[in-house]
Amino acid sequence: MRIGSAGAYWLGAAYATALYGFIFLPVAVLVLFSFQGGRFPVPPFNGPSLKWYQAVLADGRLVEALANSLAVATLSSAVACLLGFLAAYGLARYRLPVSGLQRALLMAPLAVSYLIIGMGLLIMFNMLGISRSLLTVGIGHTVINMPLCFAIIYSQMGAHQVNIERAARDLGASNWQVMRLVTAPMLAPAVIASYFLSVTFSWDEFIIAFLLSRFEVTLPVEIWSLLRSGLTPKTNAVGSIVFLISILAAVMLEAVVFRRAKRG
């Protein structure tokens with residue numbers, strides 16, 4: 001049975017509505033009941049009220065965990081981008097032994113469970129006598145995000161860039177000048193995209209942060225501690241803040257990277 005153009009349109013619209021509803025309806029409910037005036041995030045809705053957001057901002061542990069998450073996400077993502085860029089540049093521009101195997105090893109963490117990576121890092125840190133802290137969490141997030149940065153940046157290193165770099169060397173530029181003044185600006189959209197994606201993944205990552213932290217914890221770990229005592233509008237408010245920051249990162253990614261690519 002053939003479906004006419006009008007039928008196909010409405011079928012596609014229904015599918016899109018169901019798909020986006022499945023994705024965003026739970027988030028909408030979470031945000032809605034973060035403004036609940038009562039003590040429980042269940043119908044009927046009593047509000048709107050900002051008292052649970054005020055409670056979050058007045059909670060020293062939550063504010064500290066929020067700051068910890070921002071610090072770990074921004075710094076570990078910067079390190080992951082730097083390492084990913086250097087690895088991509090080296091494998092794309094130089095003839096290295098077993099380069100295919102090196103690429104496979106760099107990409108391997110993308111196919112490994114975070115639980116396995118976290119347990120492996122925990123065992124390694126224990127063997128080295130390194131205490132669990134925000135530093136170990138940052139190292140863990142660098143390990144899981146560096147392959148992503150490498151993959152994104154390496155995919156953008158085309159042959160046309162090699163010709164431009166060769167022309168810069170012919171004009172007297174050193175290798176450092178070529179990388180700083182030619183290669184890095186050409187790859188800026190890929191680097192920025194990988195950075196914001198890494199920030200997003202690190203921001204709400206739980207398993208590695210839980211295994212590698214002790215007293216100083218990130219926000220997802222603190223949220224897990226709150227959930228152990230039951231669901232309240234306060235946890236909804238914290239979740240809404242996490243969602244808002246993730247959306248802001250996505251908007252910045254769109255504004256900085258994709259619009260720049262369209263202008264180019």
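Residues numbered from 1 in each chain as written. Predicted model: local features only at pLDDT ≥ 70, side-chain atom pairs only at ≥ 80, totals over all residues. Heavy atoms only, no water.

(A) Here's a closer look at the overall build of the protein chain. Along the protein chain, the regular secondary structure elements total twelve helices and zero strands. Sequence-ordered secondary structure for the protein chain, helices as α and strands as β, is α-α-α-α-α-α-α-α-α-α-α-α. In terms of overall size, the protein chain is more extended than a compact globule, its C-alpha atoms giving a radius of gyration of 23 Å where 264 residues would be expected to give roughly 18 Å. In terms of its C-alpha atoms, the protein chain occupies a principal-axis envelope of roughly 70 × 65 × 35 Å. Looking at the protein chain as a whole, 36% of its 264 residues are labelled buried. A separation threshold of at least 6 residues defines the contact pool for the protein chain, and within that pool the share at least 24 residues apart is 72%. (Helix = DSSP H or I, 4+ residues; strand = E, 2+ residues; numbered from the N terminus. Rg over C-alpha atoms; globule rule 2.2 N^0.38 Å. Buried < 20%, exposed > 50% of the residue type's maximum accessible area, 1.4 Å probe, protein only. Contact = heavy atoms within 4.5 Å.)

(B) Structural detail: the pattern of salt bridges. Within the structure shown, the criterion is met by two salt bridges. Here K234 makes a salt bridge to D59, at a shortest N to O gap of 2.8 Å. Of this pair, K234 sits in helix α12 (residues 233–263) while D59 sits in the loop between α2 (51–58) and α3 (60–93), and the two are 175 residues apart along the sequence. Here K234 and D59 have matching classes, each one buried. For R61, the salt bridge identified is with E222, shortest N-O distance 3.1 Å. Here R61 is found in helix α3, whereas its partner E222 is found in helix α11 (residues 219–227), with 161 residues between them in sequence. Note on E222: relative accessible area 6%, which makes it buried. (Salt bridge = Lys/Arg side-chain N within 4 Å of Asp/Glu carboxyl O.)

(C) Representation of the packing of aromatic side chains in the model. For the coordinates displayed, the defined rule picks out eight aromatic pairs. A centroid spacing of 5.3 Å and a plane angle of 25° characterise the contact between F150 and Y154, whose relative ring orientation is stacked. Here the residue F150 and the residue Y154 both occupy positions in helix α6 (residues 134–155), the gap between them amounting to four residues, near one helical turn. Arranged with centres 5.0 Å apart and planes meeting at 65°, the rings of F210 and W224 form a pair that is edge-to-face. One end of the pair, F210, is in helix α10 (residues 207–212); the other, W224, is in helix α11, with 14 residues separating them in the sequence. Assessed through its relative accessible area of 34%, F210 is described here as partly exposed. Ring pairing ties together the aromatic residues F206, F210 and W224, which thus form one cluster. (Phe/Tyr/Trp six-rings, centres within 6.5 Å; stacked < 30°, edge-to-face > 60°.)

(D) Layout of helix α8 (residues 175–186). Over its twelve residues, α8 extends 15 Å from the first C-alpha to the last, a length consistent with the 16 Å expected when each residue adds 1.5 Å. Among the residues of α8, those classed as buried are V178, M179, V182 and T183. For α8, the buried positions fall inside an angular range of 125° around the axis, keeping them on one side. Pointing more than 90 degrees away from the buried face of α8 are the exposed residues W176 and L181. (Expected span 1.5 Å × (residues − 1). Arc of directions from axis to C-beta.)

(E) Region of the structure containing a nonpolar patch on the surface. Together, Y15, L19, Y20, F22, I23, F24, F243, I247 and V251 make up a nonpolar patch on the protein surface, roughly 930 Å² of accessible area in all. With six residues, helix α1 (residues 5–33) is the largest single contributor of residues to the nonpolar patch. Residue placement: L19 occurs in helix α1. (Patch = residues over 30% accessible without salt bridge, like charges linked within 9 Å, V, L, I, M, F, W, Y side chains within 5 Å. Areas by Shrake-Rupley, 256 points an atom, 1.4 Å probe, with all protein chains shown as cover.)

(F) Quick peek at the packing of α3 against α11. Put simply, α3 and α11 touch, their axes get as near as 8 Å, and they point 150° apart. With respect to their mutual orientation, α3 and α11 come out roughly antiparallel. Contacts between α3 and α11 involve R61, L62, A65, L66 and S69 on the former and, on the latter, L219, P220, E222 and L226. A breakdown of the residues in the contact of α3 with α11 according to their chemical character gives six nonpolar, one polar and two charged. (Axes fitted to C-alpha atoms, helices over the stretch in contact; angles between N-to-C directions. Parallel < 35°, antiparallel > 145°, perpendicular 65-115°, else oblique. Nonpolar A, V, L, I, M, F, W, Y, C, P; charged D, E, K, R; others polar.)

(G) Local environment of the side chain of S34. With respect to the helices and strands, the residue S34 is situated in the loop between α1 and α2. Polar contacts involving the side chain of S34 include one to the side chain of S240, which spans 3.5 Å. (Polar contact = N/O pair within 3.5 Å; in protein donor to acceptor, adjacent residues only side chain to side chain.)

(H) Quick peek at the nonpolar core. Counting 18 residues, the largest nonpolar core has F85, L106, F150, I153 and M157 as the members making the most contacts within it. Discounting residues that sit within four places of it in the chain, I153 has contacts with C81, G84, F85, A88, L187, A190, V191 and S194. If you look at the next biggest cluster of nonpolar residues, it comprises 15 residues, including L62, A65, W203 and L226. (Core = buried A, V, L, I, M, F, W, Y, C linked by side-chain atoms within 4.5 Å.)

(I) Local environment of the packing of α6 against helix α9 (residues 188–203). Packing of α6 against α9 leaves a shortest axis separation of 9 Å and a crossing angle of 150°. Relative to α9, the element α6 is oriented roughly antiparallel. Here α6 runs over α9; the crossing is right-handed. Counting all contacts with α6, which are made through H141, N145, L148, C149, I152 and I153, the residues of α9 involved are A190, V191, S194, L197, S198, F201 and S202. In the contact of α6 with α9, the residues fall into eight nonpolar, five polar and no charged. (Left-handed = near helix turned anticlockwise from the far one by under 90°.)

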